[in-house]
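Fold and contact review
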Amino acid sequence: AVVSTQSTGYFLRNSYYDTALDMVKSLGIQDIVDTELFISGRDIEKSLAAHNVQLCLQWCHENRSRLKKTRSTLEFNLHTQCFIEKIRAKDYLGAIQYAQRYLVESEGMCKEKLQETMVLLAFKPTTECSKYKALFSEDRWEELVLEFRASNYHLHHLHSESLLSTVLQSGLSAIKTHQCYSSEKSGDCPVCNEPLNSLATPLPFSHCTQSRLICRISGKPMNEHNAPMMLPNGNVYGEEALTEMMATDGILTCPRTNEKFWLDQAYKVYVM
């Protein structure tokens, strides 16, 4: 149930709503997964993606007191976008009236941003001035979607990262070593292999106060019960693995170089 809940949270946060709902229904975990919060947010995100701010403005009105406490600028940015769209439609008088009615009085209003927005009246949507070209960009709608999502999570005390992502990153960081990004990668190490190797790249390396020697053949620790043995070519393996290989093949074959040796050619290594 824990893995299922974490997986569902991941799907919901990454907009795989149908997959999440199917999983919740098939596993019968409706009581422990709050899908309604994400589904209601999905409708608002869809309306913003379709360049419609009405649902989001209604949500801001319903949660105005809570948004005010968090100093959210979402409502101001929504009204700013409406103002920009009126300029894009060359409705300059309507844009001025809209700014007088909504922008000045909206929650999260910033005097500097308001002044910057009002200057748009002197520019065309095709302007090449980088500062104002960014304000006319269609990418602002995607920014509004992300800002709404962040505000929605914040109001309901939800983390933007799913628990599944947090657990996965913690696990990868715990076993990530510098060897995972060297030429001497281990086939048995999850971080040494893709796709986890790429996923773990931005994560910190594990903090190991004590090193352990692991046999490349068996994957078992090399210690007093499984002494490390060095072959004439300098490669080291566990005594148990070499003894088992000798009993099976009658000769030792180095997995790295395919060189063949007798067991009495291997020397025990002492680590201080």
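Scroll up to find the structure.
Residues numbered from 1 in each chain as written. Predicted model: local features only at pLDDT ≥ 70, side-chain atom pairs only at ≥ 80, totals over all residues. Heavy atoms only, no water.

A word on the side chain of Thr8. Relative to the elements of secondary structure, Thr8 occurs in helix H1 (residues 2–13). A relative accessible area of 0% places Thr8 in the buried class. Setting aside residues up to four positions removed in sequence, Thr8 forms contacts with Ala20, Met23, Val24, Ile29 and Val33. (Helix = DSSP H or I, 4+ residues; strand = E, 2+ residues; numbered from the N terminus. Buried < 20%, exposed > 50% of the residue type's maximum accessible area, 1.4 Å probe, protein only. Contact = heavy atoms within 4.5 Å.)

What follows concerns the sheet that holds strand S2 (residues 236–238). Each strand in a sheet pairs with its neighbour through backbone hydrogen bonds, running either in the same direction (parallel) or in the opposite one (antiparallel). Pairing in this open sheet of three strands is antiparallel, and the strands run S2-S1-S5 from one edge to the other. For this open sheet the edge positions go to S2 and strand S5 (267–268), each flanked by a neighbour on one side alone. Relative to S2, strand S1 (residues 228–230) is paired through three bridges, and the arrangement is antiparallel. Directly across from Met229, in S2, lies its bridge partner Tyr237. In the packing of helix H13 (residues 239–249) onto the sheet, the strands contacted are S1 and S2, and the crossing angle to S2 comes to about 80°. (Pairing = 2+ DSSP bridges. Axes fitted to C-alpha atoms, helices over the stretch in contact; angles between N-to-C directions.)

Structurally, the position occupied by Glu116 is in helix H8 (residues 111–118). The exposure class assigned to Glu116 is partly exposed, which follows from its relative accessible area of 26%. On a C-alpha basis, the gap between Glu116 and Lys131 in space is 9.2 Å, while along the polypeptide they are 15 residues apart.

A few words now on the packing of helix H4 (residues 54–62) against helix H6 (residues 74–88). Two elements in contact, H4 and H6, have axes whose closest approach is 10 Å; the angle formed by their N-to-C orientations is 150°. The pairing of H4 with H6 is recorded here as roughly antiparallel in orientation. Between H4 and H6 the crossing geometry is left-handed. Across from Cys56, Leu57, Trp59 and Cys60 in H4, the residues of H6 making contact are Leu74, Glu75, Leu78 and His79. Among the residues forming the contact of H4 with H6, the class breakdown is six nonpolar, one polar and one charged. (Parallel < 35°, antiparallel > 145°, perpendicular 65-115°, else oblique. Left-handed = near helix turned anticlockwise from the far one by under 90°. Nonpolar A, V, L, I, M, F, W, Y, C, P; charged D, E, K, R; others polar.)

On to helix H10 (residues 139–155). Between its terminal C-alpha atoms H10 stretches 25 Å, which fits the 24 Å expected from 17 residues at 1.5 Å a residue. Arg140, Trp141, Leu144, Val145, Phe148, Arg149, Ser151, Asn152, Tyr153 and Leu155 are the residues of H10 that are buried. Looking at the buried side of H10, the elements it contacts are H1, helix H3 (35–49), H4, helix H5 (64–69), H6 and helix H9 (130–136). (Expected span 1.5 Å × (residues − 1).)

Now for the pattern of salt bridges. Taken as a whole and assessed by the stated rule, the structure comprises eight salt bridges. A salt bridge links Arg42 to Asp18; its shortest N-O distance comes to 4.0 Å. You can see Arg42 sitting in helix H3 and its partner Asp18 sitting in helix H2 (residues 17–27), a full 24 residues away along the chain. On the accessibility criterion, Arg42 (18% relative accessible area) is buried. For Asp18, a relative accessible area of 55% puts it in the exposed group. Lys133 serves as the salt-bridge partner of Glu128, at 3.4 Å between the closest nitrogen and oxygen. A residue is classified by how much of its surface remains accessible, and Glu128, at 62% relative accessible area, is exposed. Overall, Lys133 belongs to the partly exposed group, its relative accessible area being 42%. Here the salt bridges share partners, and the residues they tie into one network are Glu85, Arg88 and Glu138. (Salt bridge = Lys/Arg side-chain N within 4 Å of Asp/Glu carboxyl O.)

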